[in-house]
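# Examining the three-dimensional arrangement
Listed below are the residues making up each chain.
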Amino acid sequence: LRRHQLLIRRPPLLPRPRPRGHDQKVFILSGPFKEVRDALLRRGWCENSTKESVLFDLKWTLYDNEVGYLQLRREQIVNHFQGNGEITTKG
């Protein structure tokens, strides 16, 4: 094998552990939610503009299929829940 084939690199979207004591909260926003963005920024949150990233504390999306339930960690929050297609507020 060539030397460069032996290198194992972390894929860019895998979460990295936060440094101890690091309290910066990160959100991802996908959709027309200006008020949500403004409220989070006022509270000191930082926006991750990479919509497909798994580096977030809160992900707020318009569509359920943007969440990526299989990659969610226990401490992450999303504004949908898996299987919500059977529950709706529309008449």
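Bear in mind that the values here come from a model prediction, so they are computed numbers and not experimental data.

Definitions and limits used
In every chain, residue numbers begin from 1 and rise along the written sequence. Under the rules for a predicted model, residues below a pLDDT of 70 receive no local features and side-chain atom pairs below 80 are neither given nor counted, while totals for whole chains, interfaces and linings still include all residues. Only hydrogens and water are set aside; all other atoms, that is, all heavy atoms of the structure, feed into the side-chain values. The helix and strand labels rest on DSSP assignments: H or I over at least four residues marks a helix, E over at least two residues marks a strand, and numbering proceeds from the N terminus. Summary of the burial criterion: residues with accessible area below 20% of their type's maximum are buried, those above 50% are exposed, and those between are partly exposed, where the area comes from a 1.4 Å probe applied to protein chains only. Contacts are assigned to residue pairs with any non-hydrogen atoms lying within 4.5 Å of each other. Here the accessible surface of atoms and residues is derived via Shrake-Rupley with a 1.4 Å probe, and residues count as covered only by protein chains that are part of the display. Salt bridges are identified by distance alone: a Lys or Arg side-chain nitrogen within 4 Å of an Asp or Glu carboxyl oxygen. Distance and chemistry together define a polar contact, namely a pair of N or O atoms within 3.5 Å, with one atom able to donate a hydrogen and the other to accept it when in protein, and with adjacent residues in sequence counting only for side-chain atoms on both sides. Note: two strands are recorded as paired if DSSP finds a minimum of 2 bridges between them. Fitted lines through C-alpha atoms give the axes, limited to the stretch in contact for helices. The angle between two N-to-C directions lies from 0 to 180 degrees.

### Section: the overall build of the chain
In terms of regular secondary structure, the chain is built from two helices and four strands. Beginning at the N terminus, the succession of helices and strands in the chain can be written as α-β-α-β-β-β. Considering the chain as a whole, with its 91 residues, one finds that 24% of them fall into the buried category. For the chain, the proportion of contacts with a sequence separation of at least 24, taken over those separated by at least 6, is 33%. Accessible surface, the chain as shown: approximately 7600 Å² in total, 55% of it carbon and sulfur.

### Focus: the environment of Glu-52
Here Glu-52 lies in the loop between β2 (46–47) and β3 (58–61). The exposure class of Glu-52 is exposed, given its relative accessible area of 59%. As a C-alpha pair, Glu-52 and Gly-68 span 16 residues in sequence and 8.7 Å in three-dimensional space.

### Details of the pattern of salt bridges
Per the stated rule, a full pass over the model turns up three salt bridges. Note that Lys-34 is salt-bridged to Asp-38, the shortest N-O span being 2.6 Å. With Lys-34 and Asp-38 both in helix α2 (residues 34–42), this residue pair falls four residues apart, about one helical turn. The exposure class of Lys-34 is exposed, given its relative accessible area of 52%.

### Points about the side chain of Thr-61
Here Thr-61 is to be found in strand β3. Within the structure, the side chain of Thr-61 is placed 2.9 Å from the backbone oxygen of Tyr-63, a separation counted as a polar contact.

### Overview of the sheet that holds strand β1 (residues 26–30)
Read across the sheet, four strands follow the order β2-β1-β3-β4 without closing on themselves; strand pairing throughout is parallel. For this open sheet the edge positions go to β2 and β4 (77–78), each flanked by a neighbour on one side alone. Each of β1, β2 and β3 is contacted by α2, which is oriented at about 170° to β1, the strand it contacts most.

### Focus: the environment of Asn-65
Residue position: Asn-65 is located in the loop between β3 and β4. The spacing of Asn-65 and His-80 is 15 residues in sequence and 9.4 Å in space, taken between C-alpha atoms.

### What to know about the pairing of β3
Inspection of the sheet shows β1 paired to β3 by four bridges, in the parallel sense. Across the sheet, Phe-27 pairs through a bridge with Leu-58, a residue of β3. Inspection of the sheet shows β3 paired to β4 by two bridges, in the parallel sense. Across the sheet, residue Lys-59 finds its bridge partner in β4, namely Val-78.

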